[in-house]
Amino acid sequence: MKQLVEIIQNHFPINDIDLRKKSLAFISIHQNQAIPLLEWLKTTHGYTAFVLLTAVDWIEENRFQLTYLISNPENFTELGVRVFIDREKAEMVSAHHLWKSIWVYQRELKEMFGINFPDSPRVNESFILEGWDTIPPYRRDFDTKQYSEETYFPRPGRSTNDPAKHMKSKLYPKD
Amino acid sequence: MFTINNDRSKFPELDDAGNALIDLTSHKYLKLWQGPQHPGVTGNMSLELTVTGDEIVESKTHVGYLHRGFEKLMERRTFIQCFPTCIRLCVAEPDPNEYLLSSCVEELAGIEVPETAQWLRMLALEMARLQVLLRQVPGQAGTFALGLGYQWGNYIRDLILDRFEELTGGRVYHMYILPGGVRGLLPNGFKNRLEENLKLVDEFLPNVWDLIYTNSVFKKRAKGLAVIPKEWIDQYGIYGPAARAAGIMRDVRKTHPYLFYSEIDFEPFTTDESDVFARSLVRWHDLKMTVDIIRQILAKMPEKGDIKAPTPNVMHWKIPKGETYVKCESSRGEYGMYLVTDGSDKPRRVNLKGPSYTHATSVLEKLLVNANIADTAAIMVSLATCPPEIER
Amino acid sequence: MSLKDVLTPFTAWKRIAKEPVTVIDPFNDRPGADRYRGFHQNDVEKCIGCGTCEAICENEAIDMVPFKDPISGDSGLRPSLDYGRCCWCALCVDVCTTNSLKLSNEYTWITTDPEDFRFTPGVDKKSWDENDKGWVKPEPNYEFYNTQRVEMEHLHPEERVDSFIEMVKGYSHEQALAEADRCVECGICIATCPAHMGIPEYIKAIRNEDLEEGLRILYETNPLPEICGRICTHKCETVCSIGYKGDPLSIRWLKRYIADQVPSERYQSILNTNDINNNGKRIAIIGSGPAGLSAAHYLALMGYQCTIFEQYEKAGGMMRYGIPEYRLPYDQIDKDIDYILSLGVEIKYNTRVGRDITLDQLSQDFDAVFSGTGLHLGRSTGIEGSDNEHVYYSTDLLRQITEGKDIEVAEHIVVIGGGNVAMDITRSLARMQKVKYGKVNIIATSLEKEENMPADREEVVESREEGAVLMPGWAPQRIEIQHGRPTGLHVVKCNSLFDDTGRFNPQCDMEVKNFFEGSMIVQSIGQGMDLSYVDEKWMEGLSFGPRGRVKTNEYFQTDLEWFFMGGDIIEGPDVIHGIANGHKAAIGIDRYLQNLKD
């Protein structure tokens, strides 16, 4: 993996290199360079298989991380390519021309994270959700607990006690 | 026998993106919804078919009948609390989920799992594969209305679930493999009882062979159906038995040996036909191989030993910032988990990638074009469609 | 397609003669496997209501509901389950601190009322309560937290027996993190701590490596963390929930770790006490022991001008003059006291109220008076020979050691007493014997048997490590005096201390005798209070409760409104009660003076 990363470094400006294990490494690259890098790795370094594309919401840093995980079926290695995109302007170039399965990932990311991939097939069709009217649910600021409390009915009649507070109220209420 | 996508004269025009331009008012086409309760899948998933006569001209996969957002739910649970959550991603074969979560957590936290626990993990994973295949192998014939083998298989599967109940305390959701190790050694006499069940599988294999694979009806319908060209394997993301039926060796246990698979002697079966028959045949061989692997595990595994490595206090177990991808071979093919941690006691992001994510969307939509309505269930079963993997 | 392909499937017919594998049996249950995760059982007598099961439950299926009145170490709550949410993962069983929670192998339950599926196992009787199969926590080496405490390093007995250097080394950074990690944050300990310290919170601060926050939490309830972190009687640890499956958390050492790590120069800025508004009211405090210092600290924070009257030349009371330096070094006492002084508290040393200034005077010069004068008078055994000049009280000797005075150290010494003070004087004298004679020759004897000795176990063990001989279970009868000097102590076997009604009434077997040789005898059987400083006219205004203690209200206010009392003379004896009393009295004084104003 180390060798491959060195070769990439000679061609592309990458950073945040994490040689995770013998067969897996992660690298970061600028948004504009990512798709050319994937294409280059696919055509010249045998990274012909696409494993997954997903997003991580780093809300504190106001950015999304997109991870493209690709694998080389010849030497059984995997490479994770990280791209950071602005959370306010969540948009990324589609990689559908490289692998025929990517449109599904991109369509899901559009729906779940609100990350747009212009020109990706059927990207605007709803995938899992229907009639969703609030923020994309996989964003960190979507609170699942709050949503379920507002949407569903809690079972009545349940109440609990914190042991320490309960003991205080019974044993030394005035302290 | 038909081939894919050659003669489109009787089918609608395609636009530049490859979508069919269907004019429903022409009375030539009919929209037919199959699902969400579908004969071809465990779980719920719907196919929006456009048919002309009994042939499919276009298919769209619709999911969302199960979605409970497990990946998101795990983001607000501590690592130990994720363990009973993540298994729910697949009812039929929950064990790989347990294994992957534990393995990701252990890798990022730097925990070494005791040897005995690793053997027990292998045993649980293989038993899970066994019980899935016991239904899937005869289930393929079931989609052509030959349900007899399915009943045979289901009976043995139930006995395997009895063994799971003994070993893990649960029949369906085993909750056995947890971060650090496993939750119990083999009970007394377990090996013998499992061996009795394996003998039934030995008996089952030739019986089901005679019933299905030499069956002229099954051959007639399954051979040549839904052929996956070799070039699609990487292009579309095709894994496990489906890839091996196309002559491409894909088995994580061989290519990236995890646990003690390197100490086990096995050779996954491959063939070239790449049709429904071939994929089913691969599974029959897989079933045979699984029995063999389980016997090897039982022979080689240590009887005693630690089942769990010491971990930090699970009530507030913080894992350093990092990310990793761990994969294993499920009965359906490569099954992986991508875990991102941020230094807190909860995961930042969990992403599970199962073969159905591509199999049941891009691949299935493509394979169904030109197929017969009556064959949809067979094609779905041959791809081992598992809808929860799509809507995690 | 061959004929064979048409015919072979028919071989399935051969199974037609086989017996069906399905069985219809509506009468017999099919029991779950031995490990089956079925319905919950809880041994409510074993359960302490720590709520760890509720905390680990990922489905929020568990509520803690009242079962009985809470007592120290038992919240009185018990887990109640909502089977509409439970997924039977059994994490609650695996984490259960007392091993009281289990899952039975029962899995069928039919009822017409959905509310039935919410129940409190062990309290609501169920048919599977007596079921002995099902899921229990796997054994061994399967724990969700470390059950073994991080060993505290001590000086070796050989290293420590000839010096007064502090023997407990204190936790390193890694050790403290590892120990703090063991806490399950149940909070059972808080009620047992007399000062109700925020124990889980400050331990969490250690885990978060935020010791400044830790120090702030300590000072909310305890202004003497260095001292308490060393010599607190740590009642909290006796009820710690994780002690049921292993060692309790080292709460005391973790407290010490926080205080040790923060340099004294930083205290004021961390605790935000740089400028306190003086409210112009003056409070007199008698005695600079834990109660007095604690009261002064909290009163000073409220803006009161406090003056402490201390009879000796240094502050600290029993903490300095009663506890040997190897357990509590003087510089650590100074660290805590200096911070309190930095808040504007004034100490008048060598000023004994009743001798140098009268209580009456204080009542006129100050708005209120707090007294924490402690127990300083040694109690005598009253046996024959106890009036000899070579028969001492431990309190006097310990004070003289602190003051650096030359005290008599005989070659053979007998100490009477089995409490912590007895151990303190035994171990102090052992050190001095080692220096003077090169060997230790000291016997400590107590009425109580080994298992009932009031001293902390570690004190007993460490005394022995240092060469002292402990002889529990003997009642002193007579001190043998020859030529004006003791030669030893006559004792008889003591069989029991209390009678059936629980009254102190030792029963001895006069036939079983023993003689402990010693030319110096030390009595350490408890201390008494000295209220001689209270003028007669005020004494009449006080009322007294059991054991001759002055009656006070919950704010430690006596019947004289301006006069508050706390510490060992009211509760205890130990440091942490003194601190708690001082804090409470400070609040009481504030309330009293606020009410006066209105």
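The rules behind each value
Residues numbered from 1 in each chain as written. Chains lettered and ligands numbered in written order. Predicted model: local features only at pLDDT ≥ 70, side-chain atom pairs only at ≥ 80, totals over all residues. Heavy atoms only, no water. Contact = heavy atoms within 4.5 Å. Buried area = accessible area lost by both parts, 1.4 Å probe. Salt bridge = Lys/Arg side-chain N within 4 Å of Asp/Glu carboxyl O. Polar contact = N/O pair within 3.5 Å; in protein donor to acceptor, adjacent residues only side chain to side chain. Helix = DSSP H or I, 4+ residues; strand = E, 2+ residues; numbered from the N terminus. pLDDT = per-residue confidence, 0-100. Buried < 20%, exposed > 50% of the residue type's maximum accessible area, 1.4 Å probe, protein only. Pairing = 2+ DSSP bridges. Right-handed = clockwise from strand over helix to strand, strands pointing away. Lys, Arg positive; Asp, Glu negative; His and termini not counted. Axes fitted to C-alpha atoms, helices over the stretch in contact; angles between N-to-C directions. Parallel < 35°, antiparallel > 145°, perpendicular 65-115°, else oblique. Left-handed = near helix turned anticlockwise from the far one by under 90°. Nonpolar A, V, L, I, M, F, W, Y, C, P; charged D, E, K, R; others polar. Domains from an automatic or database assignment. Phe/Tyr/Trp six-rings, centres within 6.5 Å; stacked < 30°, edge-to-face > 60°. Lys NZ or Arg CZ within 6 Å of the ring centre and 35° of its normal.

Turning our eyes to something else, we now look at the interface of chain C and chain A. Taken residue by residue, the interface counts 30 residues in chain C and 18 residues in chain A. Buried area between chain C and chain A, summed over both chains or domains, comes out near 1900 Å², and the portion from carbon and sulfur atoms is 50%. When the buried surface of chain C facing chain A is broken down by residue, C:Asp63, C:Pro70 and C:Arg118 rank first, second and third, together holding 24% of it. Linking chain C with chain A are three salt bridges. A:Arg158 serves as the salt-bridge partner of C:Asp63, at 2.8 Å between the closest nitrogen and oxygen. Connecting chain C to chain A are eight residue pairs in polar contact (both at pLDDT 80 or more). Looking at the side of chain C that touches chain A, the elements with two or more residues in it are strand 2 (62-66), strand 3 (77-82) and helix 6 (188-192) of chain C. It is strand 2 of chain C that provides the largest number of residues to the side of chain C that touches chain A, a total of five residues.

Turning our eyes to something else, we now look at the confidence of the model for chain B. Residues and elements named next belong to chain B. The predicted model of chain B has a mean per-residue pLDDT of 90, with 96% of residues at 70 or higher. At the level of individual helices and strands, chain B shows its lowest average pLDDT in strand 1 (residues 30-34), which scores 89, and its highest in helix 11 (residues 276-300), which scores 96. Confidence over residues 1-6 falls short of pLDDT 50; this stretch has 13 contacts with residues more than four positions distant or in other chains.

To continue, consider the pairing of strand 7 (residues 282-286) of chain C. Each regular strand shows side chains that alternate between the opposite faces of the sheet. Residues and elements named next belong to chain C. With four of five residues buried, strand 7 lies mostly within the body of the structure. As paired elements, strand 7 and strand 8 (residues 305-309) share five bridges and run parallel to each other. Directly across from isoleucine 285, in strand 8, lies its bridge partner isoleucine 308. Of the crossover connections in this fold, the one passing from strand 7 over helix 13 (residues 290-301) to the parallel strand 8 is right-handed. Pairing of strand 7 with strand 10 (residues 368-371) involves four bridges; the strand directions are parallel. Considered in strand 10, the bridge of isoleucine 283 is made with alanine 368.

On to the pairing of strand 8 (residues 347-353) of chain B, then. All names here are of chain B. Burial runs high along strand 8: seven of the seven residues are buried. Taken together, the six bridges between strand 7 (residues 333-341) and strand 8 define a ladder with antiparallel strand orientation. Within strand 8, the position partnered with tyrosine 338 by the bridge is asparagine 351.

For B:Arg283, the position within the fold is in helix 11. Among buried charged residues, B:Arg283 stands out as having no salt bridge; its nearest opposite-charge side chain is B:Asp286, 6.2 Å away.

Our next topic: the sheet that holds strand 1 (residues 14-21) of chain A. Residue and element names in this part refer to chain A. Here we have five strands laid out as an open sheet, ordered 1-2-5-4-3, and mixed in their pairing. For this open sheet the edge positions go to strand 1 and strand 3 (49-58), each flanked by a neighbour on one side alone. For this sheet, the mean inter-axis angle between neighbouring strands, taken without regard to orientation, is 20°. Examined bridge by bridge, strand 2 (residues 24-29) and strand 5 (residues 77-86) share six bridges and lie parallel to one another. What sits directly across from serine 28, in strand 5, is arginine 82. Where helix 2 (residues 31-44) meets the sheet, it contacts strand 2, strand 4 (63-72) and strand 5, and its direction lies at approximately 160° from that of strand 5.

Once that is clear, we can look at the packing of helix 5 (residues 148-168) of chain B against helix 6 (residues 190-213) of chain B. Residues and elements named next belong to chain B. Look at helix 5 against helix 6: their axes get within 10 Å of each other, and the N-to-C directions meet at 165°. Relative to helix 6, the element helix 5 lies roughly antiparallel. Here the hand of the crossing between helix 5 and helix 6 comes out left-handed. For the pair helix 5 and helix 6, the contacting residues are Leu148, Gly149, Trp152, Gly153, Tyr155, Ile156, Leu159, Ile160, Arg163, Glu166 and Leu167 in the first and Phe190, Arg193, Leu194, Asn197, Leu200, Val201, Phe204, Asn207, Val208 and Leu211 in the second. For the contact of helix 5 with helix 6, a count of residues per class yields 14 nonpolar, four polar and three charged.

This paragraph deals with helix 2 (residues 79-86) of chain B. Counting buried positions along helix 2 of chain B yields eight of eight residues, so the element is predominantly enclosed. Taken together, the buried positions of helix 2 of chain B are B:Phe79, B:Ile80, B:Gln81, B:Cys82, B:Phe83, B:Pro84, B:Thr85 and B:Cys86.

This brings us to the interface of chain A and chain B. Listed per partner, the contact involves 50 residues of chain A and 45 residues of chain B. With both chains or domains summed, chain A and chain B bury close to 4000 Å², and 50% of this area falls on carbon and sulfur atoms. Its largest share of buried area at the contact with chain B, chain A owes to A:Ile128, A:Tyr138 and A:Arg140, together 16% of the area lost on that side. For A:Lys21, the salt bridge goes to B:Glu107, with nearest N and O atoms at 2.9 Å. For the pair chain A and chain B, the number of links is 29 residue pairs in polar contact (both at pLDDT 80 or more). It is strand 3 of chain A that contributes the most residues to the side of chain A that touches chain B, nine residues altogether. Here the side of chain A that touches chain B is composed, by residue class, of 26 nonpolar, eight polar and 16 charged.

The subject of this paragraph is the domain arrangement of chain B. Taken domain by domain, chain B consists of domain 1 (13-62) and domain 2 (112-310). Averaged C-alpha coordinates put domain 1 of chain B and domain 2 of chain B at centres separated by 33 Å.

So, on to the packing of aromatic side chains. Using the criterion set out here, one finds 44 aromatic pairs over all chains in the structure. Between the aromatic rings of C:Tyr36 and C:Tyr107, the centroid separation amounts to 5.3 Å while the plane-to-plane angle is 55°, which identifies the pairing as tilted. Linking C:Tyr36 in the loop between helix 1 (3-7) and strand 1 (40-42) with C:Tyr107 in the loop between strand 4 (101-104) and strand 5 (118-119), this pair joins segments that are 71 residues apart in sequence. A relative accessible area of 15% places C:Tyr36 in the buried class. These aromatic residues form a ring-pair network of at least three members: C:Phe39, C:Tyr83, C:Trp88, C:Trp109, C:Phe117, C:Phe119 and C:Trp128. Against the face of A:Phe84 rests A:Arg63, its NZ or CZ located 3.8 Å from the ring centre. Taking NZ or CZ as reference, C:Arg431 lies 3.6 Å from the ring centre of C:Tyr326, over its face.

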